[in-house]
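Below, each chain spelled out in residue letters.
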Amino acid sequence: MRSKVYLIRATRKEEAGLISRKARAVYRALGLNDKIQPEDFVALKIHFGEKNNTGHIKPRWITGIIEEILKKSQRAFLSDSNTLYVGNRSNSVEHIRLAWEHGFTPDVVKIPIIIADGLVGREKDEVRVDGQRVKASRIASAFLHSDVMVCLTHVTGHVQTGVGAAIKNLGMGCASRAGKLDQHSVVHPRVNAKQCRNCGACLKYCPAGAIVQAENYVMIDDEKCIGCGECLVVCKYGAVKMKWDEDSRRLQEKMAEYALAVKNHFGERICFLNFIIKVTKDCDCMAKNQPAIVEDVGIVGSLDPVAVDRASVDLVLKTAGRDAFREGYNIDWSTQLEYGEKIGLGRQDYELVELKEF
Ligand code: SF4
Ligand code: SF4
């Protein structure tokens, strides 16, 4: 049987209240709200956006969904985990402050923010996966202490996985810092000495102190490198290089195995809403305003993370008339979908149901 994916058309030019009503309509169609009990902890997994990022999901787009959840349980909260890289979301205090700056304040969203892996990203629990790539996943504790999850994702391109959508939000986004490190650790970039301008930007950003100064260029110390990929996006001169094919494939497979660990925890009580609005070349970890790479499509929702991502990608490619993701980074993004299907995370075969009423 094909997985159902609900679609409602929307663009960022519409006022926030209208987008909120549309998102609520998709959420209602999924039927998850009927499964929420008054004592349930309900985690709304979201990415609040890095400082100066403008593409992230806006707080006023999700107030309708929150109102629905609050009718069933008062124990709902917005949540993300701390980042692997040094930035404005690498500890809970700065992370929550940034979320407030981006408008996720109690007067707007009506529910608290809890950073799922604690103050400095060390609160995690192990979940056995016994997969081809991951034996035990390390997931941010608050997610595993929750009963229900609503996974809210902004669809983007991605420097390491080609596409960042629900599978990534679930697999990478719910992992603790150690879990993120696990997933990234096969990726070892190199600096091309001829292209390096010795500007020092990557030295400042490297969370592992793995970049060392050579005569008039920098080098990466393989022993120290944790493969977070930060230097790749920080370098304005394209001097940091990576073997994308092999490393990206393994990263996507690990990500899918992590996603399965989280999905299995929630069983039937998890749903996925993807916002295909202002789709950008890079993810919301980028501290900048980025142009959209395709016209806005709207919001899709499903109980199946593979189906919702497959539908999101198909809609982007159809709207653009080209592979807008591969145009940004020449990465085969299909691995996360194919491998996700292979390990039982979901299915790529879906039925698209367009909603007109909201
Ligand atoms: S050198 Fe390694 S640890 Fe440092 S930023 Fe680059 S990928 Fe991350
Ligand atoms: S950011 Fe790029 S150019 Fe600057 S030091 Fe690092 S590798 Fe060299």
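This one's a predicted model, so the numbers in the text were calculated from it and none came from an experiment. (Residues numbered from 1 in each chain as written. Chains lettered and ligands numbered in written order. Predicted model: local features only at pLDDT ≥ 70, side-chain atom pairs only at ≥ 80, totals over all residues. Heavy atoms only, no water.)

### Topic: a nonpolar patch on the surface
Next up, step 1: There is a patch of nonpolar side chains on the surface, built from V93, L119 and V120 and spanning about 250 Å² of accessible area.
Next up, step 2: Structurally, V120 is set in the loop between β4 (113-115) and β5 (124-128). (Patch = residues over 30% accessible without salt bridge, like charges linked within 9 Å, V, L, I, M, F, W, Y side chains within 5 Å. Areas by Shrake-Rupley, 256 points an atom, 1.4 Å probe, with all protein chains shown as cover. Salt bridge = Lys/Arg side-chain N within 4 Å of Asp/Glu carboxyl O. Helix = DSSP H or I, 4+ residues; strand = E, 2+ residues; numbered from the N terminus.)

### Some points on the side chain of D117
Next up, step 1: Relative to the assigned elements, D117 resides in the loop between β4 and β5.
Next up, step 2: It is K180 that comes nearest to the buried, bridge-free D117 among opposite-charge side chains, at 5.0 Å.
Next up, step 3: A polar contact is formed between the side chain of D117 and the backbone nitrogen of N82, at a distance of 3.0 Å. (Buried < 20%, exposed > 50% of the residue type's maximum accessible area, 1.4 Å probe, protein only. Lys, Arg positive; Asp, Glu negative; His and termini not counted. Polar contact = N/O pair within 3.5 Å; in protein donor to acceptor, adjacent residues only side chain to side chain.)

### Observations regarding the domain arrangement of the protein chain
Next up, step 1: As assigned here, the protein chain comprises domain 1 (3-178 + 252-354) and domain 2 (190-241).
Next up, step 2: Here the C-alpha centre of domain 2 lies 30 Å away from the C-alpha centre of domain 1. (Domains from an automatic or database assignment.)

### Examining the sheet that holds strand β7 (residues 148-154)
Next up, step 1: Taking strand neighbours across the sheet as the criterion, the eight strands line up as β4-β3-β2-β7-β14-β15-β1-β16 in an open arrangement whose pairing is mixed. If you trace the sheet from one side to the other, it starts and ends with β4 and β16 (350-354), each paired once. The average angle at which neighbouring strand axes cross in this sheet is 25°, direction not considered.
Next up, step 2: By the bridge criterion, three bridges tie strand β3 (residues 76-80) to β4 in an arrangement that is parallel. (Pairing = 2+ DSSP bridges. Axes fitted to C-alpha atoms, helices over the stretch in contact; angles between N-to-C directions.)

### A look at the nonpolar core
Next up, step 1: Residues I139, F143, M149, L170, I276 and F325 are the most contacted members of the largest nonpolar core, which totals 54 residues.
Next up, step 2: With near-sequence residues (within four places) excluded, I139 lies in contact with E123, K124, D125, V127, L144, C174, A175, S176, Y258 and V262.
Next up, step 3: By size, the runner-up hydrophobic cluster in this structure holds 39 residues, among which are I46, A99, L273 and I299. (Core = buried A, V, L, I, M, F, W, Y, C linked by side-chain atoms within 4.5 Å. Contact = heavy atoms within 4.5 Å.)

### Digging into unusual backbone geometry
Next up, step 1: Phi at N52 takes a positive value of approximately 70°, unusual for a residue other than glycine.
Next up, step 2: In this fold, N52 is placed in the loop between β2 (42-45) and α2 (63-72).
Next up, step 3: Judged by relative accessible area, N52 falls into the exposed class, the value being 52%.
Next up, step 4: Positive phi, close to 65°, is recorded for K110, a residue that is not glycine.
Next up, step 5: Along the chain, the position of K110 falls in the loop between α4 (106-109) and β4.

### What to know about the state of the cysteines
Next up, step 1: For the structure shown, the criterion picks out zero disulfides.
Next up, step 2: Sulfur of C174: no disulfide; nearest cysteine sulfur belongs to C151 and is 6.2 Å away.
Next up, step 3: Relative accessible area serves as the criterion here: at 0%, C174 is assigned to the buried category. (Disulfide = S-S within 2.5 Å.)

### Here we look at helix α3 (residues 92-101)
Each α-helix turn comprises 3.6 residues. Residues three or four places apart therefore point the same way.
Next up, step 1: Regarding α3, the residues found buried are S92, H95, L98 and A99. The buried residues of α3 occupy an angular sector of 130° when the element is viewed end-on, so they sit on one face. Within α3, the exposed residues directed more than 90 degrees away from the buried face are R97 and E101.
Next up, step 2: The inward-facing, buried residues of α3 contact β3 and β4.
Next up, step 3: For α3, the capping residue at the N-terminal end is N91, with a side-chain oxygen 3.1 Å from the backbone nitrogen of V93.
Next up, step 4: G103 lies just past α3 and shows a positive phi near 95°. (Arc of directions from axis to C-beta.)

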